[in-house]
Amino acid sequence: MTTPALLPLSGRRIPPLNLGPPSFPHHRATLRLSEKFILLLILSAFITLCFGAFFFLPDSSKHKRFDLGLEDVLIPHVDAGKGAKNPGVFLIHGPDEHRHREEEERLRNKIRADHEKALEEAKEKLKKSREEIRAEIQTEKNKVVQEMKTKEKKPLPAVPIPNLIGTHGGEPEDNDLREKREKIKEMMKHAWDNYRIYGWGHNELRPIARKGHSTNIFGSSQMGATIVDALDTLYIMGLHDEFRDGQKWIENNLDFSVNSEVSVFEVNIRFIGGLLAAYYLSGEEIFKIKAVQLAEKLLPAFNTPTGIPWAMVNLKSGVGRNWGWASAGSSILAEFGTLHMEFVHLSYLTGNPIYYKKVMHIRKLLQKMDRPNGLYPNYLNPRTGRWGQYHTSVGGLGDSFYEYLLKAWLMSDKTDHEARKMYDDAIEAIEKHLIRKSRGGLTFIGEWKNGHLEKKMGHLACFAGGMFVLGADGSRMDQAGHYLELGAEIARTCHESYDRTALKLGPESFKFDGAVEAVAVRQAEKYYILRPEVIETYWYLWRFTHDPRYREWGWEAALAIEKYCRVTGGFSGVKDVYSSTPTHDDVQQSFFLAETLKYLYLLFSSDDLLPLDHWVFNTEAHPLPVLHLANTTLSRNPAVR
């Protein structure tokens, strides 16, 4: 999962429509006028304007631009000199002058009658009390809202769901493993129940203050990020009452027609990914409908000169922009490169190819660009199509771009060879320029900055151990063994970053300079915010090797989270993993429920729960099914064809 460097969050404004009574301004007594008198003045001015405009308009007895409700036939005007239609100009040809005068007189009479009727209605309105007027306004608003909701619930085309395997179960035979799995489930219950009590509907929870929490990636609205993010975890854990509570909230409260600026990347991986996963697991149509509604709101972000989307978009206005700190107004590789999985599934489920075309356009553009040393810089300007600062990382700003190249291939039932080639090329360049071994024998992934390798690795980059293992099968020149070993070495390094702290929890980033190895140096890098990447890698290593050390390391992390991050009102991150008496940051991140606890639960489950040959996890750990191209389901879908 990926995050902008200055946003230590997931890898990663006006409130909703006010249906309350209108407010009436209060002025000083010397300026106060009767509201009824003001309304009469407005109506009088309107009527005068209409009559004046009508009588002073030129008398066009031979043609008019519009039919004004009459039953004349509109005939496109043809320029005889060019023999071509002049679009937008229409002439009405009447048989004689007398007929037009009659029509004009009839029209004048109709306008007079309409205005007299409107004036009478206004007088009747003014006889009513303020409360009655407010009630009528409220009724009209409710009608509009109801019409909008009806429009939003328009059914999508029926598409057969792919053959889904392993959506529940996974009970291990070993008693010790069952107990550990149940403990993880209890931790999930603790996190969810407290959010349900203290933060319901808010994006996240402050477990110590016991109130809702949000950040700028979600805008200013209460979008229930934790609810959407946690749904599939609740489902696979068998917490179906909690799942239904979340479903009801989404059905009744999740609204994307708000004047709120959100991160395209974050709402894609958390909301669209979470809703799609919930739909595939449960079959409940509401999740698919909501996912498509949100996707439509994100499409304006792609309205740039290059088609590379903005980082942020206003859900109501469609206006987009980039982060102010990103290199010269650039978009970020890990953000615009982490849309493919969700958008391909959107095209599959809707039959609308626009989503697929948007992400494939990004891919084609990247393929044409030169890459310094074969590396993808983290910044790309959406206006010019040029790279920004030459900074490459497999941690924040870059990480999930590489992940989605591999997973596009896996999700296509290993038929998207273009994505696989891009992944293999990128990994070869990363191995050559970024991956090194420390003096102490630890393999790490550094960051390339303007021709210089910075020997620092972020917690976010620890996901790469799992990625290398996941991509081992199908690698070039039969290098599967090499990538299994590389993944194991990255897992060991990241475990060391945990083991060398007082809390046995890993810092946000750690150095490899001289005698300092796998340890954070700066105070600003010593925090742990319930991140999942290390546990994610343990799980992938377990699935592919069944080496018991990965379950042991996962349990160590679970115990440390339980001991140092659990508080009465949920779970909180800590500010310094090297202090034996940690200070909490008082934030229960939504990805803790979506990823960290899910990966722990899967680590202690049997392999038949969400098997990896049938499911591919997005970067927020939301499982999406492999789309088997041989399946007739796909061949019938025009978007996929």
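Residues numbered from 1 in each chain as written. Predicted model: local features only at pLDDT ≥ 70, side-chain atom pairs only at ≥ 80, totals over all residues. Heavy atoms only, no water.

Help me out: how do you make sense of the environment of N268 in this one?
Mapped onto the fold, N268 is located in helix α7 (residues 264-282). Taking the relative accessible area as the measure of exposure, N268 reaches 0% and is therefore buried. A C-alpha to C-alpha distance of 7.9 Å links N268 and A295, two positions 27 residues apart in sequence. Not counting chain neighbours up to four residues away, the residues in contact with N268 comprise G273, T338, L339, E342 and F343. (Helix = DSSP H or I, 4+ residues; strand = E, 2+ residues; numbered from the N terminus. Buried < 20%, exposed > 50% of the residue type's maximum accessible area, 1.4 Å probe, protein only. Contact = heavy atoms within 4.5 Å.)

Whenever I open this one, the UniProt feature "active site" (unreviewed entry) in the protein confuses me. Can you help?
UniProt's entry tags E266, D399, E508 and E533 with the feature "active site" (unreviewed entry), counted in the numbering of this structure. Of the residues examined, E266 reaches a relative accessible area of 2% and is grouped as buried. Relative to the helices and strands, D399 resides in helix α12 (residues 399-411). By relative accessible area, D399 is classed as buried at 0%. (UniProt positions renumbered as here; feature names shortened; annotations may be inferred.)

Can you walk me through the sheet that holds strand β15 (residues 456-458) in this structure?
Two orientations exist for strands paired in a sheet by backbone hydrogen bonds: parallel and antiparallel. Within the open sheet, the 3 strands sit side by side as β15-β16-β17. Their pairing is antiparallel. Each edge of the sheet is formed by a strand with only one pairing partner; in this case those strands are β15 and β17 (516-519). Between one strand and the next, the sheet's axes are offset by a mean angle of 15°, whatever the strand orientation. Across 3 bridges, the pairing between β15 and strand β16 (residues 509-513) is antiparallel. Note that in β16 the partner of G458 across the bridge is S509. (Pairing = 2+ DSSP bridges. Axes fitted to C-alpha atoms, helices over the stretch in contact; angles between N-to-C directions.)

Is there a simple way to think about the state of the cysteines in this case?
By definition, a disulfide links the sulfur atoms of two cysteine residues through a covalent bond. Per the stated rule, a full pass over the model turns up 1 disulfide. Two residues, C462 and C494, share a disulfide whose sulfurs are 2.0 Å apart. Taking the sign of the S-S torsion, -100° for the link of C462 and C494, the bridge is left-handed. With a gap of 32 residues between them, C462 in the loop between β15 and α14 (464-470) and C494 in helix α15 (residues 480-499) connect regions that are remote in the sequence. Take C462: its relative accessible area is 1%, and that puts it in the buried class. (Disulfide = S-S within 2.5 Å.)

What am I meant to see in helix α18 (residues 590-603) here?
Given 3.6 residues per helical turn, the α-helix brings residues three or four places apart onto the same face. Helix length check: α18, at 14 residues, gives a terminal C-alpha distance of 20 Å against a target of 20 Å (1.5 Å per residue), a fit within 8%. By the largest-angle criterion, L597 marks the main kink of α18, which is about 25°. Most of α18 sits out of view: 14 of its 14 residues are buried. (Expected span 1.5 Å × (residues − 1). Bend = angle between axes of the 7 residues up to and from the residue.)

I tried to follow the sheet that holds strand β14 (residues 452-454) on my own but got confused; where do I start?
Spatially, β10-β13-β14 is the arrangement adopted by the 3 strands of the open sheet, whose pairing is antiparallel. The open sheet terminates on both sides in strands that have one partner only, identified here as β10 (391-392) and β14. Relative to β14, strand β13 (residues 447-449) runs antiparallel, the two being bridged by 3 bridges. Its bridge partner lying in β14, W448 is registered against L453.

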